[in-house]
Amino acid sequence: EMEAKYTRKMQALRDEMDLRRKTEIHELEERKNTQISELLGNHEGAFGAIKNYYNDITAKNLTLINLLKEQVEDLKKREAVLEKEKADVLLENKGLTEPLQEAQELVAELQKKLVHYYRDKESLMNSKAHLKITQKELKDLQWEHEVLEQRFSKVQAERDELYQKFTKAINEVQQKTGFKNLLLERKLQGLLSLLEQKEVELSEVVAASNLDPSALSLVSHKLEDVLNSKNATIQDLQLQLARVCKAHNDMLQTFEAKLTAFGIPLDNLGFQPLSFPFPGQ
């Protein structure tokens, strides 16, 4: 009984499950068919739109092709016309080449002249400015020249006056120096002559007196003292003569330097100044 009972339940459950499966399958088929219908409708709409789009493009392209064919024919006609015009222009260019070259050469020459014109114009402006500066410098130099001429006249007068004074002074100094040198030389010669005479007299006295050696030695010492004194006097006179000669020579050098400073040649003196040598030279 239990087996029969569960068999009945199993059969009832199987029948129920079969019915549910069939129902679900039917529902699935219905949904599938609905989706298929929708997809077909969508695809047909899209295909129609695409077909219409490409039909429009094809029609437009055909129209454009026809238009381009007409334009190509027009362009060919225009090309033929342009070729003819080109040939005419080439012939005309050949005839205009020589005038064009001449015109280009003329333009190049005119450009060079224009460059030279601007350069000359700038140089003229610079020259005018330089001329103004030069004129101003010339006026300043003329004024300085006048001032220098006045100063030169004044300096020349002072130079002439100094020249006369120097000439007079050099003559006086030369006369005085020459006279003093002559006196000193004569005095020196006189002293030398006197010394020689005294030495001769002393020798004669010694030879005649036959003095003893001690007296002779005393006389010799006294004589040496006298000679030393005379020699000292001679040296003093020589030093005085040397100082006078040096002063005279220094005065001549100063005078020549002054003449050179004032631009007076030494030949204008009219005489040659005497330069005394130092004693012993």
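Residues numbered from 1 in each chain as written. Predicted model: local features only at pLDDT ≥ 70, side-chain atom pairs only at ≥ 80, totals over all residues. Heavy atoms only, no water.

### Side note on the overall build of the protein
Thinking step 1. Each helix and strand counted, the protein has two helices and zero strands in total.
Thinking step 2. Counting every position in the protein, which comprises 281 residues, the buried fraction comes to 8%.
Thinking step 3. Pairs at least 24 residues apart make up 83% of the contacts formed inside the protein by residues separated by at least 6 positions.
Thinking step 4. Counting every atom, the protein has about 24,000 Å² of accessible surface; 58% of that belongs to carbon and sulfur. (Helix = DSSP H or I, 4+ residues; strand = E, 2+ residues; numbered from the N terminus. Buried < 20%, exposed > 50% of the residue type's maximum accessible area, 1.4 Å probe, protein only. Contact = heavy atoms within 4.5 Å. Areas by Shrake-Rupley, 256 points an atom, 1.4 Å probe, with all protein chains shown as cover.)

### Describing a nonpolar patch on the surface
Thinking step 1. On the surface, a nonpolar cluster with roughly 350 Å² of combined accessible area is contributed by I50, Y53 and Y54.
Thinking step 2. Tracing the sequence through the fold places Y54 in helix α1 (residues 2–209). (Patch = residues over 30% accessible without salt bridge, like charges linked within 9 Å, V, L, I, M, F, W, Y side chains within 5 Å. Salt bridge = Lys/Arg side-chain N within 4 Å of Asp/Glu carboxyl O.)

### A closer look at the packing of aromatic side chains
Thinking step 1. Enumeration over the complete set of coordinates arrives at two aromatic pairs.
Thinking step 2. For the pair Y53 and Y54, a centre-to-centre distance of 5.4 Å together with 75 degrees between the ring planes defines the contact as edge-to-face.
Thinking step 3. With a centroid separation of 5.7 Å and 55 degrees between ring planes, the pair formed by Y117 and Y118 is classed as tilted. (Phe/Tyr/Trp six-rings, centres within 6.5 Å; stacked < 30°, edge-to-face > 60°.)

### Observations concerning the pattern of salt bridges
Thinking step 1. Taken as a whole and judged by the stated rule, the model has five salt bridges.
Thinking step 2. Residue D250 is joined to K246 by a salt bridge in which the shortest nitrogen-to-oxygen separation is 2.9 Å. In this pair, D250 and K246 both sit in helix α2 (residues 213–261), four residues apart, roughly one turn of the helix.
Thinking step 3. Judged by relative accessible area, which is 30%, D250 ranks as partly exposed.

### Re a negative patch on the surface
Thinking step 1. Taken together, the side chains of E24, E27, E29 and E30 make up a negatively charged region of the molecular surface.
Thinking step 2. Tracing the chain through its elements places E30 in helix α1. (Lys, Arg positive; Asp, Glu negative; His and termini not counted. Charge placed at Lys NZ, Arg CZ, Asp CG, Glu CD.)

That is the geometry; function is a separate question.
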